[in-house]
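Architecture at a glance
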Amino acid sequence: MIPVRHYVRPASLEAAARALREAGGRARVLAGGTDLIVLMRAGRASPGCLVSLSGIPGLDRIERGEEGGLVLGTRVTWSAILEAAPAPVGFPAPAFAMLAEAAAEVGAVQTRNAGTLGGNLCHAAPSAEAAPPLLALDAAVEAVGPDGRRRIPLGAFLLGPNRTALAPDEVLAAIHVPPPPPGLAGTYLKGALRGAMEIAQVSVAAAVALAPDGRVAAARVALGAVAPAPFRVAAAETALEGRHPDAAAVAAAAAHAAGAARPITDIRASAEYRRHLVEVLTRRALERAVERARGGAR
Amino acid sequence: MTTQAITFTVNGEVRRAEAPLGVTLLDLLRGHLGLTGAKEGCGEGDCGACSVLLDGRPVNSCLVLGVEAAGRVVSTVEGLAARDGRLSALQRRMIEAGGIQCGFCTPGILVAAAALLASTPHPTEAQVRRAIAGNLCRCTGYQAIVAAVLAASQEA
């Protein structure tokens, strides 16, 4: 038996926000439950009220956004991402690949069927699988509160372990992904001890778009599990932009990524190993991204 | 204790239950409906022993609130065999291959594998292993289980 004192199942996001306000900061939003119910069973979370999103229609939508971007409802599951791949509603496949590859790395099929993108971002684990690819895609989240809606760039939303910019009476409604730069191709790599059921030691999302002359027109590098919150590595990106993505340029970018990482030592890996892994995985991810941007097989 | 009346479909039948707010779908099935096939192993979504199909997809029922199952379609291992008790090809092959030892993981493995075969009738070995990656078995070493799922897929 899980200690649930109150449970509400509102029919709209606005009603959900009102329920959160009425609970005065002691409520939690329930989406797939793969994080929150685990915490509650372990006694590590004991919200006075659960506000379920399961009665709100449309939160599992994957829609075309403004100017060819993508709108992902907060209750889109990992399995839905995998089923929408490679190119949901016309969003370019080489850019979407980052998110699809991250979805494939989440837990097991049971977790992917229940767990949601919105829940993953709001739980805000440093290793959150959704964060690096969505950061690399310049995503923003849409929050609904009792007083209205606002958009928050993902980089400003993720504040630290289990901490986000959401107010206690706001609900994450959707994730907005703008249209990527033409030709942007990326990949997601995860460092882990096993091939499944793993939490990342390090995760990297990397993408490049190439100009007609072969130089890097745009570069994106985002890291997870090596800082309190996942983040973009601007220095790695500027090290590539305007240059030919040769071995030296890629190595320089990977070195910037390793330098920007602030890893900790825990049960999954030492800080030293994580830093090494950031350099190796960033290099591999960029090499694969370049290959894909050139139209290579992988 | 606060309860909520819910109606949902379980193994093809419409069922009603008075669900205490904090009861999990697993405990609702086991304790209220007498469907004790799904087991509680870890209680935190790691072992898969509690796997059931929710709207056709495997989930860990220990992490689903019973009240969240309202209006949805649940299938458990009890629903795999025909109404006259005849086992499915998957169940038969599990027995023949020796994919069962202590049996605790078996109901979860069966529903996860059944969901795989429903969406992918002829999976590769890698697809089978990936589909049951969230179902821990501490007895068999998985070889016989994977062989059973592949053998069942040959009958499709």
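On a predicted model such as this, the values are computed, not experimentally measured, just so you know. (Residues numbered from 1 in each chain as written. Chains lettered and ligands numbered in written order. Predicted model: local features only at pLDDT ≥ 70, side-chain atom pairs only at ≥ 80, totals over all residues. Heavy atoms only, no water.)

Thoughts on the overall build of chain A
Let me state the cut-off plainly: Secondary structure follows DSSP: runs of H or I at least 4 residues long count as helices, runs of E at least 2 residues long count as strands, and numbering of each begins at the N terminus. Here the globule rule reads 2.2 Å times residues to the power 0.38, and the radius of gyration is calculated from C-alpha atoms. Buried means the residue's accessible area, taken with a 1.4 Å probe over protein chains only, is under 20% of the maximum for its type, while exposed means over 50%, and partly exposed covers the values in between. Only heavy atoms matter for contacts: two residues are in contact if any of them lie within 4.5 Å across the pair. The method behind every accessible area is Shrake-Rupley, applied with a 1.4 Å probe, and residues are considered shielded solely by the protein chains displayed. Only four residue types enter the tally: Lys and Arg on the positive side, Asp and Glu on the negative side, with His and both chain ends excluded. Here the site of a charge means NZ on Lys, CZ on Arg, CG on Asp, or CD on Glu.
When helices and strands are counted, chain A shows 11 helices and 14 strands. Here the C-alpha atoms of chain A give a radius of gyration of 19 Å, agreeing with the 19 Å that 2.2 N^0.38 yields for 298 residues. Taking the principal axes of the C-alpha coordinates as reference, chain A spans close to 60 × 45 × 30 Å. Relative to its 298 residues, chain A shows a buried fraction of 57%. For chain A, contacts bridging at least 24 residues in sequence account for 62% of all contacts bridging at least 6. Accessible area of chain A: about 11,800 Å², with a carbon and sulfur share of 53%. Computed over 32 positive and 26 negative side-chain charges, the separation of the two mean positions in chain A equals 5 Å.

Considerations on the pattern of salt bridges
Rules: Here a salt bridge means any side-chain nitrogen of Lys or Arg lying within 4 Å of a carboxyl oxygen belonging to Asp or Glu.
A complete count under the given rule lists 25 salt bridges over all chains for this structure. Where A:Arg274 meets A:Asp266, a salt bridge forms, and the shortest distance between an N and an O atom there is 3.1 Å. Between B:Arg93 and B:Glu155 there is a salt bridge, and its shortest N-O distance comes to 2.6 Å. A residue pair is termed long-range when its members are at least 10 positions apart, and B:Arg93 in helix α2 (residues 89–97) and B:Glu155 in helix α5 (residues 143–155) qualify at 62 residues. Judged by relative accessible area, which is 35%, B:Glu155 ranks as partly exposed. Among the charged side chains, a network of salt bridges with common partners joins A:Asp138, A:Arg220, A:Arg232 and A:Glu237.

Notes on the packing of α2(B) against α5(B)
Residues and elements named next belong to chain B. Note the threshold: Under this scheme, a helix contributes an axis fitted over its contacting stretch, all axes are lines through C-alpha atoms, and angles between N-to-C directions fall in the 0 to 180 degree range. Any angle between 65 and 115 degrees counts as roughly perpendicular, while under 35 counts as roughly parallel, over 145 as roughly antiparallel, and the rest as oblique. Each helix crossing is assigned a hand: it is left-handed if the near helix lies turned anticlockwise from the far helix by less than a right angle, otherwise right-handed if that turn is clockwise. In this classification, the charged set is Asp, Glu, Lys and Arg, the nonpolar set is Ala, Val, Leu, Ile, Met, Phe, Trp, Tyr, Cys and Pro, and all remaining amino acids, among them Gly, are polar.
Across the interface, α2 lies against α5 with an axial gap of 8 Å and an inter-helix angle of 140 degrees. Judged on the interaxial angle alone, α5 and α2 are oblique. As α2 packs across α5, the resulting crossing turns out to be right-handed. Contacts between α2 and α5 pair Ala89, Leu90, Arg92, Arg93, Met94 and Ala97 from the former with Ala144, Ile145, Ala148, Val149, Ala151, Ala152 and Glu155 from the latter. In terms of residue class, the contact of α2 with α5 is made up of 10 nonpolar, no polar and 3 charged.

Structural notes on the sheet that holds strand β3 (residues 49–52) of chain A
Strand-to-strand pairing in sheets goes through backbone hydrogen bonds, with the strands running parallel or antiparallel. All names here are of chain A. Inclusion rule: Should DSSP find at least two bridges between two strands, the strands are regarded as paired.
Spatial ordering of the open sheet is given by β1-β3-β2, a layout of 3 strands whose pairing is parallel. Taken across any chain shown, the strands that pair with only one partner, and hence form the sheet edges, are β1 (6–8) and β2 (27–30). Taken pair by pair, the neighbouring strands of this sheet meet at an average axis angle of 25 degrees, ignoring direction.

Looking at the interface of chain A and chain B
Short version of the rule: In short, buried area is how much 1.4 Å probe accessible area vanishes from two parts on joining, totalled over both. As used in this structure description, the phrase polar contact means that two N or O atoms lie within 3.5 Å; if the pair is within protein, one of them must be able to donate a hydrogen and the other to accept it, and residues adjacent in sequence are counted only when both atoms belong to side chains.
In this assembly, 29 residues from chain A lie in contact with 29 residues from chain B. Per-residue buried area on chain A facing chain B is highest for A:Met1, A:Arg41 and A:Gln110; these three make up 29% of the total on that side. Of the charged contacts, one joins A:Arg41 and B:Glu40 as a salt bridge, the two residues approaching to 2.8 Å between their closest N and O atoms. For the pair chain A and chain B, the interface holds 13 residue pairs in polar contact (both at pLDDT 80 or more). Among the secondary structure elements, those contributing two or more residues to the side of chain A that touches chain B are β1, α2 (36–41), β3, α3 (78–84) and α5 (109–114) of chain A. No other element matches the 5 residues that α5(A) contributes to the side of chain A that touches chain B. Residue composition of the side of chain A that touches chain B, by class: 15 nonpolar, 9 polar and 5 charged.

Overview of the pairing of strand β4 (residues 57–60) of chain B
The side chains of a regular strand alternate between the sheet's two faces. Alignment of strand β3 (residues 51–54) of chain B against β4(B), held across 4 bridges, turns out to be antiparallel. Bridge assignment links B:Leu54 to a residue of β4(B), and that residue is B:Arg57.

Considering the nonpolar core
Nonpolar side chains tend toward joint burial in soluble globular proteins. This is how the line gets drawn: Nine residue types can take part in a nonpolar core, namely buried Ala, Val, Leu, Ile, Met, Phe, Trp, Tyr and Cys, and a core is a set of them joined through side-chain atoms within 4.5 Å.
Ranked by internal contacts, the top residues of the largest apolar core, which has 43 residues, are A:Leu72, A:Leu121, A:Leu134, A:Phe157, A:Ile175 and A:Val177. At 7 residues, the largest contribution of residues to this core is made by helix α4 (residues 93–104) of chain A. Every residue in contact with A:Leu121, bar those within four places of it in the chain, is listed here: A:Ala130, A:Ala131, A:Leu134, A:Val141, A:Leu154, A:Phe157, A:Leu158, A:Thr164, A:Leu172 and A:Ile175. Counting 37 residues, the second largest nonpolar core, distinct from the first, contains A:Ala114, B:Leu28, B:Val59 and B:Cys62.

Notes on a nonpolar patch on the surface
Residues and elements named next belong to chain B. Basically, it comes down to this: Candidate patch residues must exceed 30% relative accessible area and have no salt bridge, after which like charges are joined if within 9 Å and Val, Leu, Ile, Met, Phe, Trp or Tyr side chains if within 5 Å.
A surface patch of nonpolar side chains, about 250 Å² in accessible area, is lined by Leu87, Ile95 and Ile100. Locating Leu87 in the fold gives a position in the loop between β5 (73–75) and α2. Assessed through its relative accessible area of 37%, Leu87 is described here as partly exposed.

Concerning the packing of α2(B) against helix α3 (residues 106–119) of chain B
Residues and elements named next belong to chain B. Contact geometry of α2 with α3 gives a least axis separation of 10 Å together with a crossing angle of 130 degrees. In terms of orientation, α2 lies oblique with respect to α3. Taken as a pair, α2 and α3 cross one another with a handedness that is right-handed. For the pair α2 and α3, contact is made by Leu90, Gln91 and Met94 and by Thr106, Ile109, Leu110, Ala113, Ala114 and Leu117, respectively. By residue class, the composition of the contact of α2 with α3 is 7 nonpolar, 2 polar and no charged.

Thoughts on the sheet that holds strand β11 (residues 185–191) of chain A
All names here are of chain A. What the 4 strands build is an open sheet, ordered β11-β12-β13-β14; its pairing is antiparallel. Looking at which strands have only one partner, the edges of the open sheet turn out to be β11 and β14 (231–232). On top of the sheet, helix α11 (residues 271–293) reaches β11, β12 (202–210) and β13 (216–224); it is set at about 30 degrees to β12, its chief contact.

What about the state of the cysteines?
All names here are of chain B. The line we're drawing: Counting rule for disulfides: a pair of cysteine sulfur atoms within 2.5 Å.
One pass over the full model with this rule turns up 0 disulfides over all chains. Free of any disulfide, Cys50 has its nearest cysteine sulfur in Cys62, 3.8 Å distant. A relative accessible area of 3% places Cys50 in the buried class. For Cys62, a relative accessible area of 2% gives the class buried.

Comments concerning the packing of aromatic side chains
Residue and element names in this part refer to chain A. Operational definition: Here the aromatic set is Phe, Tyr and Trp, taking the six-membered ring for Trp, and pairing holds for ring centres within 6.5 Å; pairs whose planes are under 30 degrees apart are stacked, those over 60 apart are edge-to-face, and all others are tilted.
Counted according to the given criterion, the structure contains 1 aromatic pair over all chains. For the pair Phe91 and Phe96, a centre-to-centre distance of 6.4 Å together with 75 degrees between the ring planes defines the contact as edge-to-face. Considered together, Phe91 and Phe96 belong to a single accessibility category, that of buried residues.

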